[in-house]
Amino acid sequence: MKYYDKLIFELSKEGRVGYSLPKNQFPAAPELPLQVKRTSALCLPEVSEPDVVRHYTNLSQMNFGVDTGFYPLGSCTMKYNPKINEEIAALPGFNGLHPLMHAGLTKGALKVYQEMNKALAAITGMYAFTFDPCAGAHGELTGLMIMRQYHMNRGDLKRTKVIVPDSAHGTNPASAAVCGLEVVEVKSLENGRIDVEALKPLLDDSVAGIMMTNPNTLGLFETQIKTIAKLVHEAGGLLYYDGANMNPLMGVVRPGDMGFDIMHLNLHKTFSTPHGGGGPGAGPVGVAKHLEDCLPDIRVSGFHGNFGVILRAYAYILMLGKDNFKKVGQYSVLSANYIKESLKDLYKLPIEGVCKHEFVFDGLINDGAHDDVPGATTLDVAKRLLDYGFHAPTIYFPLLFHQALMIEPTETESKETIDAFIAVMRKIAEEAAADPMLLHDAPHNTPISRPDETAAARNPILKYQDAN
Ligand SMILES: *Cc1c(COP(=O)(O)O)cnc(C)c1O
């Protein structure tokens, strides 16, 4: 253990301070009443300023972020977060705003909402957006409430079912359930697309709508989307577009033109605002013109969503400009296909063909299993990647494959970085074939090895616990 791996309480030295204040020249303040006075001293570490700086800097380096390395987490679009976004969000005129300020003093911010509305409408083919929702899942819930409201406004009260494909992101059925709607699953074909024939019998007058991701979570474009839209609309339902992963379509195809009525975007994925670690997000919801009346007129979040996130996304759109916008999708698709083709001789590729911004492997072709030694799993590969300084891809999702390894490189990585990742993935496959035990014990070089993730989530230890 390095000296500064010690917890800050262990560095504490009685009487040491990290500040120096001028001598108090004022008369002593009146004594506090006894009942509000502390009876014991505060238990705080007594350390110098350099100790504090080193403590937090070292802690920050134990974490992995998009600013420290390649982060190919599928379905999460961990693209680089341009620093100019931060500069814009830190401008005092924006940073100093308070949501209860008089409208006359917030015209700049209102203009940002207005301009974003126009920009997102142009990008998606929707008519208008609400910026209240603070996450993708929050957008889904808001969008489904809009869907329900639409049917209620028409007195069509028996529409309580929402169709969700089996490849859907887990938040889709969860949001539908939270909204009080019944989830009906539709199966995928061998080629990873929705089975239109299986969809048809589900479309009756109890269907409120369908939720779709396109490209879906396998990174595959739903080629039958026009037919699906027609069938759902003819049955009186609406189409909801989960636009969390809009990245590959930017400037090329618009959900509005595919026939979708409602959608959300994840500004914290596609539009380059920081995420991970549960930071603030934004999941604006757009609707087609015929649903404008169903946009929420009461708030679904405190005030108007996360303004700082919306502002960063606006800066990103302006910085890219119209001509570069298209390249985002094109480069992200190129990078994903390049990795897929470079590794498919060593990792199982369940669905051949061109993918969009991401794709899924189903584990190793040769996992090295022999005698009593179990083969290397997707979890082992993911853990071993950490030893080589790369963040793991998304694993065991989507649920369609047992050893799913979902890779999304994004457009912001250089060919050199991607080549280095491919080389490491090949090396890991060779290691697995030769000695799977090496992978079972990985990671070997990280501050902690394999935490019990369930226990960590259920019983988190969030503050210093004195070992004595
Ligand atoms: C990330 C994601 C979501 C959920 O977004 P959150 O902001 O995490 O709530 C929903 N659908 C898809 C396809 C996603 O990738």
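Going by the structure above, here's the rest.
A few points on the structure. (Residues numbered from 1 in each chain as written. Predicted model: local features only at pLDDT ≥ 70, side-chain atom pairs only at ≥ 80, totals over all residues. Heavy atoms only, no water.)

## Section: helix α7 (residues 171-178)
Among the residues of α7, those classed as buried are N172, S175 and A176. End-on, the buried residues of α7 take up no more than an arc of 100°, which puts them together on one face. Where α7 is buried, its residues touch α6 (136-153), β2 (161-165), β3 (182-186), β4 (207-212) and β5 (238-243). Just downstream of α7 lies G180, where phi reads positive at about 80°. (Buried < 20%, exposed > 50% of the residue type's maximum accessible area, 1.4 Å probe, protein only. Helix = DSSP H or I, 4+ residues; strand = E, 2+ residues; numbered from the N terminus. Arc of directions from axis to C-beta. Contact = heavy atoms within 4.5 Å.)

## A word on the site of the ligand
If you check the shell around the ligand, you find 13 residues, and the closest are S75, G136, D242, H268 and K269. Here an oxygen atom of the ligand and a backbone polar atom of A137 are 2.8 Å apart. In this structure, an oxygen atom belonging to the ligand sits 3.3 Å away from a side-chain N or O atom of N245. When the ligand sits alone it has 380 Å² of accessible area, and the protein chains cover 85% of it. Take the shell around the ligand: its biggest share by element is three residues, from α6. When the residues that make up the shell around the ligand are grouped by side-chain class, the tally is three nonpolar, seven polar and three charged. (Near = heavy atom within 4 Å. Polar contact = N/O pair within 3.5 Å; in protein donor to acceptor, adjacent residues only side chain to side chain. Areas by Shrake-Rupley, 256 points an atom, 1.4 Å probe, with all protein chains shown as cover. Nonpolar A, V, L, I, M, F, W, Y, C, P; charged D, E, K, R; others polar.)

## Re the side chain of D51
Tracing the chain through its elements places D51 in helix α2 (residues 49-61). In this structure D51 touches Y4, I8 and R16, once residues within four positions along its chain are discounted.

## Some details on the sheet that holds β5
Here we have seven strands laid out as an open sheet, ordered β1-β7-β6-β5-β4-β2-β3, and mixed in their pairing. If you trace the sheet from one side to the other, it starts and ends with β1 (128-130) and β3, each paired once. Strand-to-strand twist of the sheet, defined as the mean angle between neighbouring strand axes without regard to direction, takes the value 25°. Alignment of strand β6 (residues 262-265) against strand β7 (residues 285-287), held across three bridges, turns out to be antiparallel. Looking at β7, one finds that H264 is bridged to V285. Against the sheet, helix α5 (residues 107-124) contacts β1 and β6, and its axis sits at roughly 120° relative to β1. (Pairing = 2+ DSSP bridges. Axes fitted to C-alpha atoms, helices over the stretch in contact; angles between N-to-C directions.)

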